[in-house]
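Analysis of the macromolecular model
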Amino acid sequence: MSDTVEDVDVPYDEDEASQQEKIRALEERLEVLESQNEEMRDKLLDANAENNKYQQKLERLTHENKKLKQSPLFVATVQEIMDDGVIIKQHGNNQEALTEVTDEMRTELEPDARVAVNNSLSIVKSLSSETDVRARVMEVTESPDVSYEDIGGLEEQMQEVRETVEMPLKSPEMFTEVGIDPPSGVLLYGPPGTGKTMLAKAVANQTDATFIKMAGSELVHKFIGEGAKLVRDLFEVAREHEPAVLFIDEIDAIAATRTESKTSGDAEVQRTMMQLLSEMDGFEDRGEIRIIAATNRFDMLDRAILRPGRFDRLIEVPKPTEEGRELIFQIHTRNMNVADDVDFAELAEITPEASGADIKAVCTEAGMFAIRDERTEIRMEDFRSAWEKVQAESEEDPSVSKTFA
Ligand SMILES: Nc1ncnc2c1ncn2[C@@H]1O[C@H](COP(=O)(O)OP(=O)(O)OP(=O)(O)O)[C@@H](O)[C@H]1O
């Protein structure tokens, strides 16, 4: 059908009638469209209102979530999911509790799931699988790239570590023939940044052992209630990776002298330490696993961990002597483009308080001074300025001070 007015065969009045009809039809159509438009506008308004509501809810939840995450969290296991809440069992004290849970969280949970709860036992988040937790707190290196040649000025300590850790791994038969047990655990103590971790890594490298590192502070401060379990996991991982060197850094965090206070934090630390001691005591046939611990706070240690059969070999790792510092300067500049005027003996003389870590920082800073000056060769003046800078920085921020605490 054609709607055009040029249709000359159609009589005039008929033409007018059809025009009228068309207008009516269009008017009707317009009316329908208008009411549809109205309807859509209403729907849009409703949707906007709904959107606003969700936005507000989201903001509220985000805020709550942030608040919940700020306070320390405890670990618990889901026992049962019920209509009116979730029954959880707290790790550590084994107490059960019925707690409420949001609908969103409920869908994520199932019996046996591990969750983090806050002080009022509300579930804050579900924790990923154990392997993730392990991965976060344990550093497992098949073959660490530190060798004895990278360590300066610790000949005596190196010798002791070799006897107590390397020998039992490399020639266990020697100890059997002589008729003595190798030391159970070795404790390295001394100021920060003096090479304790390096020693442990180097011995693992030398014996082709896996290096497994865990920091004591991570054990007790990350997830309250998990410490003892993580210690069990740590020994399990070591057994899986034999031969292994198990390095527990900052052991003072789990083995500090007992205090009188009975806060849940203290109880947690105690449980973690007891687990460590029982792992060590029950570790008669230690196989090819050697345990090295390190601390900057020897004075704070609970003497229980130093008894025979536990950490019964103590090795002090002090700040380097002048001779040691010279060696450490040489080690850290091995791959640097050093000018002829650089005198390592003099550098060792002017850096009396420096630890190995400080010396490494000085070398890197000296390189930066040369770059800033658009030179590729590092001069004595760069090292001097770098030492001043490193010293000033540790005065500004005592937390980076390498002085023995
Ligand atoms: N004796 C040393 N010889 C060579 N480099 C050293 C020495 N001591 C420390 N360093 C440098 O400092 C860095 C930090 O040392 P390391 O981590 O072994 O110290 P640490 O005693 O374990 O410290 P912390 O107690 O803070 O854990 C090393 O990576 C290395 O570059």
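Parameters at a glance
Residues numbered from 1 in each chain as written. Predicted model: local features only at pLDDT ≥ 70, side-chain atom pairs only at ≥ 80, totals over all residues. Heavy atoms only, no water. UniProt positions renumbered as here; feature names shortened; annotations may be inferred. Pairing = 2+ DSSP bridges. Helix = DSSP H or I, 4+ residues; strand = E, 2+ residues; numbered from the N terminus. Axes fitted to C-alpha atoms, helices over the stretch in contact; angles between N-to-C directions. Buried < 20%, exposed > 50% of the residue type's maximum accessible area, 1.4 Å probe, protein only. Lys, Arg positive; Asp, Glu negative; His and termini not counted. Salt bridge = Lys/Arg side-chain N within 4 Å of Asp/Glu carboxyl O. Contact = heavy atoms within 4.5 Å. Core = buried A, V, L, I, M, F, W, Y, C linked by side-chain atoms within 4.5 Å.

Looking up the chain in an unreviewed UniProt entry gives the name Proteasome-activating nucleotidase, with the organism given as Natronosalvus hydrolyticus. Looking at the chain in UniProt, the text filed under Sequence similarities (unreviewed entry) is "Belongs to the AAA ATPase family." Looking at the Subunit (unreviewed entry) heading of the UniProt record, one finds this comment for the chain: "Homohexamer. The hexameric complex has a two-ring architecture resembling a top hat that caps the 20S proteasome core at one or both ends. Upon ATP-binding, the C-terminus of PAN interacts with the alpha-rings of the proteasome core by binding to the intersubunit pockets."

**What about the sheet that holds strand β5 (residues 123-126)?**
The 5 strands are arranged β3-β2-β1-β4-β5 in an open sheet whose pairing can be described as antiparallel. In this open sheet, the two edge strands, each paired with only one partner strand, are β3 (96-99) and β5. Shown here is a sheet whose adjacent strand axes are inclined to one another by a mean of 40°, direction ignored. Taken together, the 6 bridges between strand β1 (residues 74-82) and strand β2 (residues 85-90) define a ladder with antiparallel strand orientation.

**Section: the pairing of β3**
Regular strands have side chains that alternate between both faces of the sheet. Across the two faces of β3 the burial differs, with Ala 97 and Thr 99 buried and Glu 96 and Leu 98 not buried at all. Note that β2 and β3 share 4 bridges and pair antiparallel. Paired with Lys 89 across the strands is Glu 96, a residue of β3.

**Remarks on the side chain of Asp 252**
Relative to the elements of secondary structure, Asp 252 occurs in the loop between β9 (244-249) and α9 (264-281). Buried within the structure, Asp 252 lacks any salt-bridge partner; Arg 297 is the closest side chain of opposite charge, at an N-O distance of 6.5 Å. Leave out the neighbours within four places in its chain, and Asp 252 touches Ala 294, Thr 295, Asn 296, Arg 297 and Leu 301.

**Concerning the UniProt feature "binding site: ATP" (unreviewed entry) in the chain**
As recorded in UniProt, the feature "binding site: ATP" (unreviewed entry) lies at Gly 193, Thr 194, Gly 195, Lys 196, Thr 197, Met 198 and His 332. Residue placement: Gly 193 occurs in the loop between β7 (185-189) and α6 (196-206). Taking the relative accessible area as the measure of exposure, Gly 193 reaches 30% and is therefore partly exposed. Sequence-distant contacts of Gly 193, defined by excluding residues within four places in its chain, comprise Ser 355, Gly 356 and Ala 357. By secondary structure assignment, the location of His 332 is in helix α10 (residues 322-332). A relative accessible area of 25% places His 332 in the partly exposed class.

**Examining the nonpolar core**
With 35 residues, the main nonpolar core has Ile 251, Ile 305 and Phe 311 as its most contacted residues. Of all the secondary-structure elements, those providing two or more residues to this core are β7, β8 (210-215), α7 (216-221), α8 (227-240), β9, α9 and β10 (289-295). If one sorts the elements of this core by residue count, α8 sits on top with 6 residues. Here Ile 251 is in contact with Leu 187, Leu 276, Ala 293, Ala 294, Thr 295, Leu 301, Ile 305 and Phe 311, once residues within four sequence places are set aside. Leu 154, Val 161, Leu 169 and Phe 211 belong to the second largest nonpolar core, which has 23 residues in total.

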